[in-house]
Amino acid sequence: MKLLTVVGARPQFIKAAVVSKAIRELADGSIQEVLVHTGQHYDVELSEVFFRELELPPAELNLGVGSASHARQTADMLERLERVLLEVRPDRVLVYGDTNSTLAGALAGAKLQLPVAHVEAGLRCFARRMREELNRVATVRLADLLFC
């Protein structure tokens, strides 16, 4: 199975490090992970240091989105992720948390009829004024596998 993992922010790097290590340690090699960094957190202290210290393999692709308004950042990620998904053709998309990277990965995958798995699903604050809550609610609706 080819799994495309979308990360872009510090909390995602931490969670992905554990899952990615488990995938690499599978004796049968049945899962091939393609790690994509959206570039949402791009500063060395918010990104690179986590890859190094948590022994997360370097991302195969870095979309380099960087800073922008939430709408522009998410739109740029969505557009770039669509191209990546069409090229890589994964069997499943894996997203973490509640960031713009999470929403963009889930939406791009769902629009291309790819199964989406969401790690950290179910977390709720019920404050719709929070961008993260909107990202959570939308991502849970788009994903077909939900992991708490």
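One can find the structure itself at the top, above this paragraph.
Cut-offs and rules
- Residues numbered from 1 in each chain as written.
- Predicted model: local features only at pLDDT ≥ 70, side-chain atom pairs only at ≥ 80, totals over all residues.
- Heavy atoms only, no water.
- Salt bridge = Lys/Arg side-chain N within 4 Å of Asp/Glu carboxyl O.
- Helix = DSSP H or I, 4+ residues; strand = E, 2+ residues; numbered from the N terminus.
- Buried < 20%, exposed > 50% of the residue type's maximum accessible area, 1.4 Å probe, protein only.
- Core = buried A, V, L, I, M, F, W, Y, C linked by side-chain atoms within 4.5 Å.
- Contact = heavy atoms within 4.5 Å.
- Phe/Tyr/Trp six-rings, centres within 6.5 Å; stacked < 30°, edge-to-face > 60°.

In total, this model carries eight salt bridges according to the counting rule given. Among the ionic pairs, E79 bridges to R83, the shortest N-O distance being 3.9 Å. Here E79 and its partner R83 are both found in helix α3 (residues 70–88), four residues apart, which amounts to about one turn of the helix. With a shortest N-O distance of 2.8 Å, R136 and D98 are connected by a salt bridge. Of the two residues, R136 sits in helix α5 (residues 131–142) while D98 sits in the loop between β4 (92–96) and α4 (100–111), which places them 38 residues apart along the sequence. Accessibility expressed as a relative area gives 8% for R136, which makes it buried. In this structure D98 comes out as buried when scored by relative accessible area, which is 14%. Each of D98, E133 and R136 takes part in a single network of salt bridges with overlapping partners.

With that settled, the discussion passes to the nonpolar core. Counting 19 residues, the largest nonpolar core has L4, V36, L81 and V93 as its most contacted members. A total of five residues in this core trace back to one element, the largest contributor, which is α3. Excluding residues that lie within four positions of it along the chain, L81 makes contacts with V6, V36, L63, A104, G105 and A108. In this structure, V49, L56, L94 and A117 belong to the second largest nonpolar core, which totals 15 residues.

Locating Q73 in the fold gives a position in helix α3. With relative accessibility at 6%, the residue Q73 sits in the buried group. Not counting chain neighbours up to four residues away, the residues in contact with Q73 comprise Q40, V65, G66, S67, A68 and N100.

Along the chain, the position of T74 falls in helix α3. The sequence separation of T74 and N100 amounts to 26 residues, and the corresponding C-alpha distance is 5.5 Å. Excluding residues that lie within four positions of it along the chain, T74 makes contacts with N100, L103 and A104.

Here the focus is the packing of aromatic side chains. Using the criterion set out here, one finds two aromatic pairs in the structure. Taking 6.5 Å as the distance between ring centres and 40 degrees as the angle between the ring planes, the aromatic pair formed by F13 and F50 counts as tilted. Here F50 lies in helix α2 (residues 48–53) and F13 lies in helix α1 (residues 10–25), a separation of 37 residues in the sequence. Looking at F13, the relative accessible area reads 0%, which means it is buried. Between F13 and F51, the ring centres sit 5.0 Å apart and the planes meet at 55 degrees, which makes this aromatic pair tilted. You can see F13 sitting in helix α1 and its partner F51 sitting in helix α2, a full 38 residues away along the chain. As far as the burial class goes, F13 and F51 line up, both buried. Put simply, the rings of F13, F50 and F51 touch in pairs and so form one group of aromatic residues.

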